[in-house]
Amino acid sequence: MKHVYSAKVYYEDTDMGGVVYHANYLKYIERARSDYVRRLGNDQNAMRDAGIVWVVRRIEAEYLAPAKFDDNLEIETEIKSLSGVRLIMAQVVKRGEEEIFRAIVTAVCMNAQGKPVRLPAEIRALL
């Protein structure tokens, strides 16, 4: 199942060259992932209250073309694999039909002590 999240490029997102600063793509894909798991029914506040949080363990990113001020972007998120301890998602940022950024994101759950834990069964069921 593919999730699509829309974003607009604001002036504050750009660098001196008038293009989106590279680190801001990570913000766009983070917002898209958060929106995706929220829409699936994963309450991250309840998780945190239970002592478990999502943590990004790894990101592989590829910058394909620059986004610019006032562009309308769509971020597609898709689960590639799910195991007892990790969730791997593919994310693509598009301007129209053009892919401008791609990432593979590995996320895990950690407890309040900062130790990795198995993904709770109710979360695996949602995903």
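Residues numbered from 1 in each chain as written. Predicted model: local features only at pLDDT ≥ 70, side-chain atom pairs only at ≥ 80, totals over all residues. Heavy atoms only, no water.

Caption draft 1: The pattern of salt bridges, seen in detail. For the structure shown, the criterion picks out twelve salt bridges. Ionic pairing is found between D71 and R95, a salt bridge with its closest N-O pair at 2.8 Å. Residue D71 is located in the loop between β2 (52-63) and β3 (72-82), and its partner R95 is located in strand β4 (residues 86-95); the two are separated by 24 residues in the primary sequence. Through salt bridges that share partners, K2, E76 and K94 make up one connected network. (Salt bridge = Lys/Arg side-chain N within 4 Å of Asp/Glu carboxyl O. Helix = DSSP H or I, 4+ residues; strand = E, 2+ residues; numbered from the N terminus.)

Caption draft 2: Inspection of the packing of aromatic side chains at higher detail. Following the criterion strictly, the structure yields five aromatic pairs and no others. Ring centres of Y25 and Y63 lie 5.5 Å apart, and the angle between their planes is 80°; on these two criteria the pair is classed as edge-to-face. Highlighted residues: Y25 in helix α1 (residues 22-40) and Y63 in strand β2, separated in sequence by 38 residues. Ring geometry for Y25 versus F101: centroids 5.0 Å apart, planes at 15°, classification stacked. Note that Y25 is positioned in helix α1 and F101 in strand β5 (residues 98-111), a separation of 76 residues in sequence. (Phe/Tyr/Trp six-rings, centres within 6.5 Å; stacked < 30°, edge-to-face > 60°.)

Caption draft 3: Structural context of unusual backbone geometry. One non-glycine residue, D70, lies in positive phi territory at about 75°. Residue classification places D70 among the partly exposed positions, given a relative accessible area of 44%. (Buried < 20%, exposed > 50% of the residue type's maximum accessible area, 1.4 Å probe, protein only.)

Caption draft 4: Spatial organisation of a nonpolar patch on the surface. A contiguous nonpolar patch, built from L26, V56, I59 and Y63 and spanning about 310 Å² of accessible area, is present on the exposed surface. No other element matches β2, which puts three residues into the nonpolar patch. Locating I59 in the fold gives a position in strand β2. (Patch = residues over 30% accessible without salt bridge, like charges linked within 9 Å, V, L, I, M, F, W, Y side chains within 5 Å. Areas by Shrake-Rupley, 256 points an atom, 1.4 Å probe, with all protein chains shown as cover.)

Caption draft 5: Examining the side chain of T14 more closely. Its place among the elements puts T14 in the loop between β1 (2-8) and α1. In terms of polar contacts, T14 uses its side chain to reach the backbone carbonyl oxygen of Y11, at 2.7 Å. Among residues more than four places away in sequence, those in contact with T14 are V9, V19, V20, Y21 and F69. (Polar contact = N/O pair within 3.5 Å; in protein donor to acceptor, adjacent residues only side chain to side chain. Contact = heavy atoms within 4.5 Å.)

Caption draft 6: Main features of the environment of E76. With respect to the helices and strands, E76 occurs in strand β3. Look at E76 and you get buried, because its relative accessible area is 14%. Here E76 is in contact with K2, H3, V4, A90, Q91, V92 and K94, once residues within four sequence places are set aside. In this structure the side chain of E76 is engaged in a polar contact, spanning 3.3 Å, whose partner is the side chain of K94.

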